[in-house]
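Listed below, chain by chain, are the residues.
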Amino acid sequence: MTVRSNVSTHRIWPGNSARFTKKMKRIYLKEVERFIIFKDDIRVFSLGLLIFQSIGIRFFEGQGWLLSFVLIGLNFNSFFTLKKKDLFVLLAAFVFLVFNWSLNRSFGLVSLFFQYFLILNAYLLLLNYRGSTSEFERDLYFCVKAFVIHAAIGYFLYLIVPAGFNIAVGLNKSLLGLFYVSNSSFAGLIRNTGVFWEPGVYQLVANLFLFFTIKLNKSIFAVFFGFLTVVISFSTLGLFVMIFNILYFLFTRIGLNIRNLAAISLGGVLFLLFVGPILISNVSDKVADTNTSGLARLRDLMIGIELIKERPILGHGKFESSEYLIEKAYVNKIESELFSTDYLDIHGEMSGGLTNGFLALFAWYGLPIGFFLFYCFFKQRLLKGNRIESIIFVLIPTVSFFSEPITYTSFFLIFPFSFLIFRNGEN
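Not measured: the values here are computed from a predicted model.

Overview of the overall build of the protein
A tally of helices and strands in the protein yields 17 helices and nine strands. Here the protein, with 427 residues, has 54% of them falling under the buried criterion. The contacts in the protein between residues at least 6 apart in sequence include a share of 70% that link residues at least 24 apart. Accessible surface for the protein amounts to roughly 20200 Å². Of this, 67% is attributable to carbon and sulfur atoms.

Thoughts on the environment of Asn192
Positionally, Asn192 belongs in strand S9 (residues 189-192). Residues Asn192 and Tyr158 lie 34 residues apart in sequence; the distance between their C-alpha atoms is 9.7 Å. Among the polar contacts made by the side chain of Asn192, one reaches the main-chain carbonyl oxygen of Ala151 at a distance of 3.1 Å.

Quick word on empty space enclosed by the protein
It is the rolling of a water-molecule-sized probe over the atoms that shows where space remains empty. A full pass over the atoms with the stated rule returns one cavity of 30 Å³ or more. The computed volume of the largest cavity comes to approximately 40 Å³. Along its surface, the largest cavity is lined by Ile55, Phe377, Pro397, Phe401, Ile406, Thr409, Phe411, Phe412 and Phe415. At the level of secondary structure, the elements contributing two or more residues to the lining of the largest cavity comprise helix H16 (387-401) and helix H17 (410-421). The element that contributes the greatest number of residues to the lining of the largest cavity is H17, accounting for three residues. Classifying every residue of the lining of the largest cavity by side-chain character gives eight nonpolar, one polar and no charged.

What to know about H16
With 15 residues, H16 should cover 21 Å at 1.5 Å per step; its first-to-last C-alpha distance of 22 Å lies within 8% of that length. Where H16 bends most, at Leu395, the angle is about 25°, and the proline Pro397 comes one to four residues later. Considered for burial, the residues of H16 that qualify are Glu389, Ile392, Phe393, Val394, Ile396, Pro397, Thr398, Val399, Ser400 and Phe401. Where H16 begins, one side-chain oxygen reaches toward the backbone nitrogen of Ile388, 3.1 Å away; that side chain belongs to Asn386.

Here's the deal with the side chain of Ser78
In this structure, Ser78 sits in the loop between helix H2 (63-74) and helix H3 (84-103). According to the relative accessible area criterion, Ser78 is buried, its value standing at 1%.

Examining the pattern of salt bridges
One pass over the structure, following the stated rule, counts 11 salt bridges. The partner of Arg138 in a salt bridge is Glu135, and the shortest N-O contact between them spans 3.9 Å. One end of the pair is Arg138 and the other is Glu135, both in helix H5 (residues 134-160) and three residues apart, which spans about a single turn. For the pair shown, Arg138 and Glu135 are each scored as buried. Linking Asp139 and Arg138 is a salt bridge whose minimum nitrogen-to-oxygen distance equals 2.8 Å. Here the two residues Asp139 and Arg138 agree in accessibility, since each one is buried. Bridged by salt links that share partners, the residues Arg43, Glu135, Arg138 and Asp139 form one connected network.

As for the sheet that holds strand S7 (residues 172-175)
The sheet built from four strands is open, its strands ordered S6-S7-S8-S9 with antiparallel pairing. At either end of the open sheet lies a strand with only one pairing partner, and these are strand S6 (167-169) and S9. Between one strand axis and the next, the sheet turns by 45° as a mean value, whatever way the strands run. Where H5 meets the sheet, it contacts S7, strand S8 (179-186) and S9, and its direction lies at approximately 65° from that of S8.

Looking at the packing of aromatic side chains
Per the stated rule, a full pass over the model turns up 46 aromatic pairs. Between Tyr141 and Phe212 the ring centres are 5.9 Å apart and the planes differ by 65°, which places this aromatic pair in the edge-to-face class. Of this pair, Tyr141 sits in helix H5 while Phe212 sits in helix H6 (residues 199-215), placing them 71 residues apart in sequence. Judged on exposure class, the residue Tyr141 and its partner Phe212 are both buried. On the numbers, 5.6 Å between centres and 65° between planes, the contact of Phe358 with Phe362 is edge-to-face. Here the residue Phe358 and the residue Phe362 both occupy positions in helix H15 (residues 357-378), the gap between them amounting to four residues, near one helical turn. Using a relative accessible area of 5% as the deciding quantity, one classes Phe362 as buried. A cation over an aromatic ring shows up here: Lys318 above the ring of Trp364, its NZ or CZ 4.9 Å from the ring centre.

Scoring rules and cut-offs
The residue numbers shown here count from 1 along each chain, following its written sequence. The predicted origin of the model limits local features to residues at a pLDDT of at least 70 and limits the giving and counting of side-chain atom pairs to 80 or more, whereas totals for whole chains, interfaces and linings rest on all residues. With hydrogens and water stripped out, all remaining heavy atoms of the structure feed into the side-chain values. For helices the rule is a DSSP run of H or I covering at least 4 residues; for strands it is a run of E covering at least 2, with both sets numbered from the N terminus onward. For every residue, the accessible area obtained with a 1.4 Å probe (protein chains only) is divided by the maximum for its type, and the residue is called buried under 20%, exposed over 50%, and partly exposed between those limits. A contact between two residues is defined here by any heavy atoms of the two lying within 4.5 Å. Each accessible area is a Shrake-Rupley estimate made with a 1.4 Å probe; only the visible protein chains count as cover when residues are assessed. Within 3.5 Å is the distance limit for a polar contact, defined as a pair of N or O atoms, with the added protein rule that one can donate a hydrogen and the other accept it, and that residues adjacent in sequence qualify only through two side-chain atoms. With a 1 Å grid spanning the protein atoms alone, the term cavity applies to any set of points in which a 1.4 Å probe fits but cannot get out, the term pocket to an open set with protein on both sides within 12 Å along at least five of seven lines, and the term lining residue to any residue with an atom within 4 Å of a point. Grid points are joined across faces, edges and corners, and a volume is the space filled by probe spheres set on the points. Classification convention: Asp, Glu, Lys, Arg as charged; Ala, Val, Leu, Ile, Met, Phe, Trp, Tyr, Cys, Pro as nonpolar; all other residues, Gly among them, as polar. Given the number of residues in a helix, its expected span is that number minus one, multiplied by 1.5 Å. In this analysis the local bend is the angle between axes fitted, respectively, to the seven residues ending at and the seven residues starting at the residue. Any Lys or Arg side-chain nitrogen found within 4 Å of a carboxyl oxygen on Asp or Glu counts as a salt bridge. Strand pairing is defined by DSSP finding a minimum of two bridges between the two strands. Axes here refer to lines fitted to C-alpha atoms; in helices the fit is confined to the stretch in contact. Angles between the N-to-C directions go from 0 to 180 degrees. Two aromatic rings from Phe, Tyr or Trp, using only the six-membered ring of Trp, form a pair when their centres are within 6.5 Å; if the ring planes differ by under 30 degrees the pair is stacked, by over 60 it is edge-to-face, and anything between is tilted. We call a charge positioned over a ring when the NZ of a Lys or the CZ of an Arg lies within 6 Å of the ring centre and within 35 degrees of the ring normal.

Take a look at the structure:
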């Protein structure tokens, strides 16, 4: 197997003038077919692997470590492209983690090194886009498209042969270990999850796919397909986030003016007829005092605020288990007010862990670092587009953070780091 970077380009990437490199070529040598893998192929594979490492199903203990080493190996050449400012950022990140670790007994040494490996995974991958940041958008679209199509095929197969999904994998069930759906359901309908740990995470990928189908001016069929991929997650959060995509679609495809009022009204009616009942039922169920999922979200919001109030500047460190939280009096008080004694006896305290990733970032590392990371996140330099597109693009993951603890992952880190790496206009 040979790796090459000097490839010819042939196809045009939609939306800009960047060339779309052919993904695979073949040559024949002594009647033996060999695949030649190009630098772009490694980069796309690395991005897909980074997404899966961050929010994918956990198949075995140590999976995160293994994928981190694989990602560093795939992007090892990036070490030779490090500049002084890169070394400064990486050194500053390590010094902060060590400082944070030294102050917090909840932040284990193994966790410290794993967190730093996640930083390296994100940073080294981004260095491959130095001088060609416009290609990140193309590669991200390719990855989320592949994940969503795989998930859609799995869901379709479940509708045909539900009995075939008889392998339990985490919170999901699988067909031959190849396709996955969630164990949870809504109104008797199974929820889709793809290769991600739960529907609430899968919706993030599906909404990003829907965003790109709109941004890249794909066909109405492609947009509708993206719309369906979000709906079949039956995630309250996913349906709420999809509203941003719908507004984006109206602005870009229809135009919010009097002339198009009839079309907008018709679209609104269709949305309410198709998705309205699902969204209303989901929301009412979430806020009901008997819904444990909704109560858990409220619990995490309240606990996240209390954690920040307790240590606003330096944070608590990246606590790995719920034991650190259970020891706190206000955590026990909040849970006892929200959950019944029977529920706590059955499921235990802090079941599911702290899921509010937005507040968790501030709780882990303190308000100064938290605000700095989110500032860099909102100023990301990976998406090329107008102000509306940039706002929608960052809102999709930001709102998702309130329900999913993914702000410590490499997938989150690539966005704030992109501002640091490309802040001088490199593209």
